[in-house]
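Given next are the chains, with one letter for each unit.
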Amino acid sequence: MSRDSINDLTVFLAVAREQSFTRAAAKLGVSPSALSHSMRLLEERLGVRLLTRTTRRVSVTDAGERLLHSIEPHFDGIDTALAALTELRDKPAGTIRITAGEHPTTSILWPAIERLLPEYPDIKFEITVDGALTDIVAERYDAGIRLGEQLNADMIAVRIGPKMRMVVVGSPDYFARHPKPSTPQDLTAHACINIRLPTYGGYLVWEFEKDGREVRVRVDGPLAFNTTQMVMRAALGGVGLAYLFEDHARDEIESGRLVTVLDDWNPLFDGYFLYYPSRRQMSPAFSVLVDALRYRPSRSDH
């Protein structure tokens, strides 16, 4: 195979994966017009149309899909082989792409990476903070972070945090004006701060459990956000009640700026896991990250 053929196939692979000439060009460091020209030459040489172009997106044709499935494993194998060569370096190196939600990024992922950076200067981390259930294989991520209940069975999962619980909190000022709820159903009479997450397709339903009885409450109120930081801020301002991770609100609870209610209705649930494809071969750099994130229970956890 000629060098030009390899270059053209690399271009096709990038455009097919990104479904955009602009994004593929940015990834390869060339102009979109150069990519478009390369694709036209490849299609002319093969005598088949590989891509369908519209004003909004680029998609692969049946022939393009067949070519993609044929060449993708080989290019992935080359990438893996090149990554494995970093074992010969004094220090692990390479770029690790991770997708994670806001909460695990700030509470678990960033503290681990902050510790790793001085010791491993040749490892680069690219983090996308996104609450959606991203397909890490299709989007070319090395790994993602999710709650245990959201994991797919075909993924390798590594626990990176303890089991957690959600808590309902409000400010002392709010409870000076409103009675504290004694059951989850009482929340329907309160101003509650909703959170909309792409993971759930709408507002997050507040879940409770007591003595084996499960209760789900759809709350209402004057505000809704797509970030827990703003939910916290609104709760601190006395706007209404919030439903937050206990560890996220711990400092405010201990300082008395927020007060918990319905404590006997908040069960433990699976915490966060790092997950990645079972067929993924671990590079030295990725192994370093997995080891740094792996949860090791302390005596107080038992």
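Residues numbered from 1 in each chain as written. Predicted model: local features only at pLDDT ≥ 70, side-chain atom pairs only at ≥ 80, totals over all residues. Heavy atoms only, no water.

**Quick look at the domain arrangement of the protein**
Condition: As used throughout, domain bounds are those supplied by an automatic or database domain assignment.
For the protein, the domain assignment lists domain 1 (3–70), domain 2 (89–162 + 272–293) and domain 3 (166–265). Just the C-alpha atoms count here: the centres of domain 1 and domain 3 sit 49 Å apart.

**Let's talk about the side chain of Thr-227**
Worth spelling out the cut-off: Counting from the N terminus, the helices are DSSP H or I runs at least four residues long and the strands are E runs at least two residues long. Polar contacts, as used here, are pairs of N or O atoms within 3.5 Å; protein pairs need one atom able to donate a hydrogen and one able to accept it. Residues neighboring in sequence count only if both atoms are side-chain atoms. In what follows, a contact means two residues having at least one pair of non-hydrogen atoms within 4.5 Å.
Residue position: Thr-227 is located in the loop between strand 12 (223–225) and helix 7 (228–236). Within the local environment of Thr-227, its side chain forms a polar contact with the side chain of Glu-102, the two groups lying 3.0 Å apart. A polar atom in the side chain of Thr-227 sits 3.3 Å from the backbone nitrogen of Gln-229. With near-sequence residues (within four places) excluded, Thr-227 lies in contact with Glu-102 and Ile-195.

**A short note on the environment of His-178**
Here His-178 is to be found in the loop between helix 6 (172–177) and strand 8 (193–197). Sequence-wise, His-178 and Ala-189 are 11 residues apart; in three dimensions their C-alpha atoms are separated by 9.8 Å.

**Brief notes about the packing of aromatic side chains**
Inclusion rule: Aromatic rings from Phe, Tyr and Trp, with only the six-membered ring used for Trp, were paired whenever their centres fell within 6.5 Å, and each pair was classed as stacked if the ring planes differed by under 30 degrees, edge-to-face if by over 60, and tilted otherwise. Classification of residues uses two cut-offs on accessible area relative to the type maximum, computed with a 1.4 Å probe and protein chains only: under 20% is buried, over 50% is exposed, and between them is partly exposed. By the criterion adopted, a ring carries a charge over it if an Arg CZ or a Lys NZ lies within 6 Å of its centre and within 35 degrees of its normal.
Applying the stated rule across the entire model yields 6 aromatic pairs. Aromatic side chains Tyr-174 and Phe-175 sit 5.6 Å apart centroid to centroid with 80° between the ring planes, which places their arrangement in the edge-to-face category. Side by side, Tyr-174 and Phe-175 carry an identical accessibility label, which is buried. One residue, Arg-97, lies across the ring of Tyr-141, its end atom 4.2 Å from the ring centre. Looking at Lys-180, its charged tip hangs above the ring of Phe-175, at a distance of 5.6 Å from the centre.

**Quick look at the sheet that holds strand 9 (residues 202–203)**
Note the following rule: At least two bridges found by DSSP between two strands is the condition for calling them paired.
Pairing is mixed in the open sheet, where 3 strands are placed in the order 9-8-12. Looking at the sheet topology across the chains shown, the edges are occupied by strand 9 and strand 12. Pairing of strand 8 with strand 12, which is carried by 3 bridges, proceeds in the parallel orientation. The residue of strand 12 that forms the bridge with Ile-193 is Leu-223.

**Some details on helix 7**
Threshold: Starting at the helix axis, one direction is taken to each C-beta atom, and the arc is that of these directions.
When we look at burial in helix 7, the residues that qualify are Thr-228, Val-231, Met-232, Ala-234 and Ala-235. Here the buried residues of helix 7 occupy an arc of 165° about the axis, which is enough to place them on one side. Capping the start of helix 7, Thr-227 holds a side-chain oxygen 3.3 Å from the backbone nitrogen of Gln-229, two or three residues further along. One or two residues past the end of helix 7 sits Gly-238, with phi positive at roughly 80°.

**Brief notes about the pattern of salt bridges**
Spelled out, the test is: We define a salt bridge as a side-chain nitrogen of Lys or Arg found within 4 Å of a carboxyl oxygen belonging to Asp or Glu.
All chains considered together, the criterion is met by 11 salt bridges. When the shortest N-O distance is used, the salt bridge between Arg-97 and Glu-126 registers 3.1 Å. A residue pair is termed long-range when its members are at least 10 positions apart, and Arg-97 in strand 3 (residues 94–100) and Glu-126 in strand 4 (residues 123–129) qualify at 29 residues. With a relative accessible area of 37%, Glu-126 lands in the partly exposed category. Taking the shortest distance from any N to any O, the salt bridge between Arg-177 and Asp-173 comes out at 3.1 Å. In this pair, Arg-177 and Asp-173 are both assigned in helix 6, 4 residues apart and thus about one turn of the helix distant. Taken together, the shared-partner salt bridges in this structure form one network comprising Arg-17, Glu-72 and Arg-140.

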